[in-house]
Amino acid sequence: MSAIVAAPLLVALGGAIGCLLMRSRPRLLRGVSLLGGVGYLLATVALARAVFADSDAILVYYLSGWQAPYGITLVADRLSVIFIGLTAIVSLAALWVSVRTIDASGQRISYHALYQFMVVGITGSFLTADIFNLFVWFEVMLMASYVLVVFHSGPEQTRAGMQYVVLNLLGSAVMLLAIGGLYATTGTLNMADLARRLAEPAAYGIAPGPVLGLTGLLLCVFALKAGLVPFQFWVPGAYQAAPPPVTAMLAGVVKKVGVYAIIRLYFSVFAVATIPDSGGLSVVAGEPFLVVFGGVILVMALLSILLGGIGATGRNNLDELLAYSSISQVGFIVLPLAVAATTLPGDSLFRAGVLATIVYAIIHGFAKGVLFLVSGAIEDHVGTLEFSQLGGISEQAPVLSGAFFVGGLTLIGIPPLFGFFGKLLVFKVGVEAQNTIGWIAVGATLIGAILTITYVTRAWERAFWGPPNEFVEELTVSPSVVAVIAGLAIIIIALGIGFQPVYELANGATSAVIDTDAYVRAVLGPESAHAIGGGLR
Amino acid sequence: MSSNNQTTVIVRTVVRSVVPIIVLVAIGLLLQGHNFPGGGFIGGVLTVTAFALVYITYGAEYLSQNLLGISDGSVARRETQDVLDPDEAFFSGTVGRYSAVFGLGLALAAGGGLGAIAFGEPFLSQAVLYFDHIPVFGVIELASALIFDLGVYFVVVGSLLTILAVVGNE
């Protein structure tokens, strides 16, 4: 047990506290915040080295030495490390852009501390091994994001912020309710302990029926956080209202927390449970929980892809278009999960589905990071993102436009960019399934891909091509901001050309998801089933 | 606070005798909190109720200037606004000072947790020291959890006072 597991979390927490204490010294404050961002990246690298050093390491850290399932436990396995890595890179880039573009007084009073606390919450969500703590970290992340969304505090921001806050508070209340219910029915909150108990519900006196309902309720909350249809209402408003670097974080990383929670809980922890014969569920009796979740996820994914895609093609504002695109892309992210849910964790299709989701989530994180940072840079200098006021940006700011081009093409999925492999894997899962759901998925992916081509082309043609007008002619973005955005774009190209290592990392993460037994043994100890289970029964 | 809005003598007298008791109870709850009912949170909330009573009966200026010694109250800030930029006024004003307290508290709580790592124990591990044969008290227990509790106490006091000052100014 080494403290390296907690390192990213503690570094981010230290950064947040440092920012709170340094508020009266603006230059030092920015320095501390950037140092926190760099330190977070270094801590992540160290953690990744520790996790990937051993081929199937699951590092467990018991806070203040209390053993699981009683104490607070942090777990770093390959799945969490991949998502923390995404967070580290995107958050550092967005932080640098924040330092250069957010007004000095705002940065001083609250921005940096809030930003760091948001990173703390995200990291905690990826590391926690306990569903109640997942709720707590969600709250830490959301509390900070509430303030960041209304940061400019104009009338539009306040309206969007209200919507965002009310919906998410409702979501949090439902989440707490579902978690409380799960604790009442299963007697534990620890994810590993939950998995162990749900595998043999009779031995622990658990009625699987209520558990199914409660986990379904919980799924709605994660769908809300991920912005899936029909819980997508908050997305366009919040994304337009928030300062651009925050939007890049919300779209790039915060949404992925919802996706991560769905993968971790539904495809690892709850995947082992089966639906009981009694209780009026005779149609699906004896089937695994995954059948129900898969159906729900399928419907949400299809609706997201279609509604988001169609919504995006009709927008006349770059930010709004990207926000709708984000709804559609999250549909792509979870669609392979729906196909995977038709089989059991041992199946190769299951593996392929989870793998495609992880890869696509990472791609979307980088792509949306780049796109929102570009749109933010344009908004800061031109003052608007309405297509009618834009045009010819590619002549005025070629590097910035190049980054947008790369981000857009990776959303479409043009080889050799990173996005190509995401689309490829999603299609592959649908085709390999050889069943109705698989073909539905392939059809939806095709339509979604065409919609993606339409709206990306439209954004490019309306905003970046043509002769520059008088607003755009004054577009001069600070070179360091352009460099950071270009750096993210280069990462997208590099990860596409050198996809093999990424594939292997994601494959390792998929193994970590599938091997629930290893997770349970790592958290609760090798003989957990006998040692602890007997005492609690 | 305007003169036609003065609180009565009864309230002023009661508050004067009640506030020290509240603060004493708050500190008692804080010190015993790690293994008895109480703790940093409830101690902090109770302390703020004492502040709130003073605030309601004697006014915001009395609380910040006479009691806490913050020279730059809301009145003074209005006069110096031309000279100082608004950020400076914020940080030397009441709200800025109050909000600095919760930063310190958070640092204390996290620092107390990090201390455990320095001793090779997991984050947030705690230890207890007993001092035997102390006159009058018998045994005194010194728990490291007190540092964490103290941090929580300052976070609660700082944030509630900030809220009180911000809402009170409106």
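Residues numbered from 1 in each chain as written. Chains lettered and ligands numbered in written order. Predicted model: local features only at pLDDT ≥ 70, side-chain atom pairs only at ≥ 80, totals over all residues. Heavy atoms only, no water.

### Structural notes on the overall build of chain A
1) Next: When helices and strands are tallied, chain A shows 22 helices and two strands.
2) Next: Taken over C-alpha atoms, the radius of gyration comes to 22 Å for chain A, in line with the 24 Å a tight globule of 537 residues would show.
3) Next: Roughly 18200 Å² of accessible area belongs to chain A as shown, and the carbon and sulfur atoms make up 66% of that amount.
4) Next: Taken together, the 24 basic and 27 acidic charged side chains of chain A have centroids lying 6 Å from each other. (Helix = DSSP H or I, 4+ residues; strand = E, 2+ residues; numbered from the N terminus. Rg over C-alpha atoms; globule rule 2.2 N^0.38 Å. Areas by Shrake-Rupley, 256 points an atom, 1.4 Å probe, with all protein chains shown as cover. Lys, Arg positive; Asp, Glu negative; His and termini not counted. Charge placed at Lys NZ, Arg CZ, Asp CG, Glu CD.)

### Some words on the overall build of chain B
1) Next: If you tally the helices and strands in chain B, you get seven helices and two strands.
2) Next: When the elements of chain B are put in sequence order from the N terminus, they spell out α-α-α-α-α-α-β-β-α.
3) Next: Within chain B, the fraction of its 170 residues that count as buried is 32%.
4) Next: Expressed as a percentage of contacts within chain B between residues at least 6 apart in sequence, the contacts between residues at least 24 apart total 58%. (Buried < 20%, exposed > 50% of the residue type's maximum accessible area, 1.4 Å probe, protein only. Contact = heavy atoms within 4.5 Å.)

### Notes on the side chain of Ser80(A)
Residues and elements named next belong to chain A.
1) Next: Note that Ser80 resides in helix H3 (residues 78-101).
2) Next: What makes Ser80 buried here is its relative accessible area of 0%.
3) Next: Within polar-contact distance, the side chain of Ser80 engages the side chain of Asp77 at 2.8 Å.
4) Next: Those residues in contact with Ser80 that lie beyond four places of it in its chain are Val75, Phe126, Tyr260 and Arg264. (Polar contact = N/O pair within 3.5 Å; in protein donor to acceptor, adjacent residues only side chain to side chain.)

### Regarding the pattern of salt bridges
All names here are of chain A.
1) Next: Per the stated rule, a full pass over the model turns up five salt bridges over all chains.
2) Next: Asp193 is the partner of Arg197 in a salt bridge, and the nearest nitrogen-oxygen pair spans 3.3 Å. Linking Arg197 with Asp193, this pair stays in helix H7 (residues 191-199), spanning four residues, or about one helical turn. Comparing Arg197 with Asp193 shows no difference in burial state: the two are buried.
3) Next: Among the ionic pairs, Arg315 bridges to Glu320, the shortest N-O distance being 3.3 Å. (Salt bridge = Lys/Arg side-chain N within 4 Å of Asp/Glu carboxyl O.)

### Concerning unusual backbone geometry
Residue and element names in this part refer to chain A.
1) Next: Cis geometry marks the peptide bond from Val229 to Pro230; its omega dihedral reads 10°.
2) Next: Within the fold, Pro230 resides in the loop between helix H9 (208-226) and helix H10 (234-241).
3) Next: Omega for the peptide link from Pro415 to Pro416 comes to 5°, which places this bond in the cis form.
4) Next: Position of Pro416 among the secondary structure elements: in the loop between helix H16 (398-412) and helix H17 (418-433).
5) Next: Look at Ser64: it is not a glycine, yet its phi comes out positive at around 50°.
6) Next: With respect to the helices and strands, Ser64 occurs in the loop between strand S1 (59-62) and strand S2 (73-76).

### Digging into the side chain of Arg196(A)
Residues and elements named next belong to chain A.
1) Next: Along the chain, Arg196 falls in helix H7.
2) Next: Under the relative-accessibility criterion, Arg196 is labelled buried at 7%.
3) Next: Polar side-chain contacts of Arg196 include one of 3.5 Å to the side chain of Tyr204.

### Brief notes about the nonpolar core
Residue and element names in this part refer to chain A.
1) Next: Counting 210 residues, the largest nonpolar core has Phe222, Leu265, Tyr266, Phe267, Phe270 and Ile378 as its most contacted members.
2) Next: Element by element, the count of residues in this core is highest for helix H14 (residues 348-382), at 22 residues.
3) Next: With sequence-adjacent residues up to four places away left out, Leu265 is seen in contact with Ile131, Leu134, Met191, Leu218, Phe222, Phe270 and Ala271. (Core = buried A, V, L, I, M, F, W, Y, C linked by side-chain atoms within 4.5 Å.)

### Points about the interface of chain B and chain A
1) Next: Across the boundary between the two partners, chain B contributes 20 residues, which contact 18 residues of chain A.
2) Next: Summing the contributions of chain B and of chain A, the shared interface buries around 1500 Å²; its carbon and sulfur component is 75%.
3) Next: If you look at where chain B meets chain A, you find zero salt bridges.
4) Next: Linking chain B with chain A are three residue pairs in polar contact (both at pLDDT 80 or more), by the criterion used here.
5) Next: Mapped onto the side of chain B that touches chain A, the elements with two or more residues apiece are helix H5 (86-92) and helix H6 (94-118) of chain B.
6) Next: For the side of chain B that touches chain A, the element with the highest residue contribution is H6(B), accounting for 11 residues. (Buried area = accessible area lost by both parts, 1.4 Å probe.)

### With respect to the packing of helix H13 (residues 318-340) of chain A against H14(A)
All names here are of chain A.
1) Next: Where H13 contacts H14, the two axes come as close as 7 Å, and the packing angle between them is 175°. The angle between the axes of H13 and H14 places the two elements in the roughly antiparallel class.
2) Next: Within the contact of H13 with H14, the residues separate by chemical class into 19 nonpolar, seven polar and three charged. (Axes fitted to C-alpha atoms, helices over the stretch in contact; angles between N-to-C directions. Parallel < 35°, antiparallel > 145°, perpendicular 65-115°, else oblique. Nonpolar A, V, L, I, M, F, W, Y, C, P; charged D, E, K, R; others polar.)

### What to know about helix H4 (residues 104-127) of chain A
1) Next: Spanning 24 residues, H4(A) covers 33 Å between terminal C-alpha atoms, matching the ideal 34 Å at 1.5 Å per step.
2) Next: Ser110(A) marks the point of greatest bend in H4(A), at about 55°. (Expected span 1.5 Å × (residues − 1). Bend = angle between axes of the 7 residues up to and from the residue.)

### Overview of the confidence of the model for chain B
All names here are of chain B.
1) Next: Looking at chain B as a whole, its pLDDT mean stands at 82, while 86% of the residues score no less than 70.
2) Next: Of all helices and strands in chain B, the one with the weakest mean pLDDT is helix H4 (residues 74-80) (46), whereas helix H1 (residues 9-32) scores best (93).
3) Next: Within the model, pLDDT remains below 50 along residues 73-82, and this stretch shows 10 contacts once partners closer than five positions in the same chain are excluded. (pLDDT = per-residue confidence, 0-100.)

### Here we look at the environment of Val472(A)
Residues and elements named next belong to chain A.
1) Next: Looking at where Val472 falls in the secondary structure, it is placed in the loop between helix H18 (436-464) and helix H19 (479-497).
2) Next: By relative accessible area, Val472 is classed as buried at 0%.
3) Next: In contact with Val472, not counting residues within four places along its chain, are Val382, Gln389, Leu390, Gly391, Gly392, Ile393 and Gln396.

### Quick word on H14(A)
Residue and element names in this part refer to chain A.
1) Next: Taking 1.5 Å per residue, 35 residues should reach 51 Å; H14 reaches 50 Å between its end C-alpha atoms and fits that length.
2) Next: Burial analysis of H14 places 30 of its 35 residues in the buried class, the great majority of the element.
3) Next: Two or three places before Leu349, at the start of H14, stands the capping residue Asp347, its side-chain oxygen 3.0 Å from that residue's backbone nitrogen.
4) Next: Gly383 occupies a position one or two residues after H14 and carries a positive phi of about 95°.

### A closer look at the packing of aromatic side chains
Residue and element names in this part refer to chain A.
1) Next: Applying the stated criterion across every chain yields a total of 27 aromatic pairs over all chains.
2) Next: Considering the side-chain rings of Tyr164 and Trp234, the 5.2 Å spacing of their centres and the 50° angle between planes classify their relative orientation as tilted. Of the two residues, Tyr164 sits in helix H6 (residues 155-186) while Trp234 sits in helix H10, which places them 70 residues apart along the sequence. In terms of burial, Tyr164 and Trp234 fall into one category: buried.
3) Next: An angle of 85° between the planes, with centres 4.7 Å apart, marks the rings of Tyr266 and Phe293 as edge-to-face. With Tyr266 in helix H11 (residues 244-269) and Phe293 in helix H12 (residues 289-313), this pair connects stretches of sequence that are 27 residues apart.
4) Next: The exposure class assigned to Tyr266 is buried, which follows from its relative accessible area of 0%.
5) Next: Cluster of aromatic residues (ring-pair linked, three or more members): Phe138, Phe222, Tyr266, Phe270, Phe289 and Phe293.
6) Next: The lysine or arginine in question, Arg315, covers the ring of Tyr324, its NZ or CZ lying 4.4 Å from the ring centre.
7) Next: The ring of Phe332 carries Lys423 above its face, with NZ or CZ at 4.4 Å from the centroid. (Phe/Tyr/Trp six-rings, centres within 6.5 Å; stacked < 30°, edge-to-face > 60°. Lys NZ or Arg CZ within 6 Å of the ring centre and 35° of its normal.)

### With respect to a negative patch on the surface
1) Next: Taken together, the side chains of Asp54(A), Asp56(A), Asp515(A) and Asp517(A) define an acidic patch exposed on the protein surface.
2) Next: Within the fold, Asp517(A) resides in helix H21 (residues 516-524). (Patch = residues over 30% accessible without salt bridge, like charges linked within 9 Å, V, L, I, M, F, W, Y side chains within 5 Å.)

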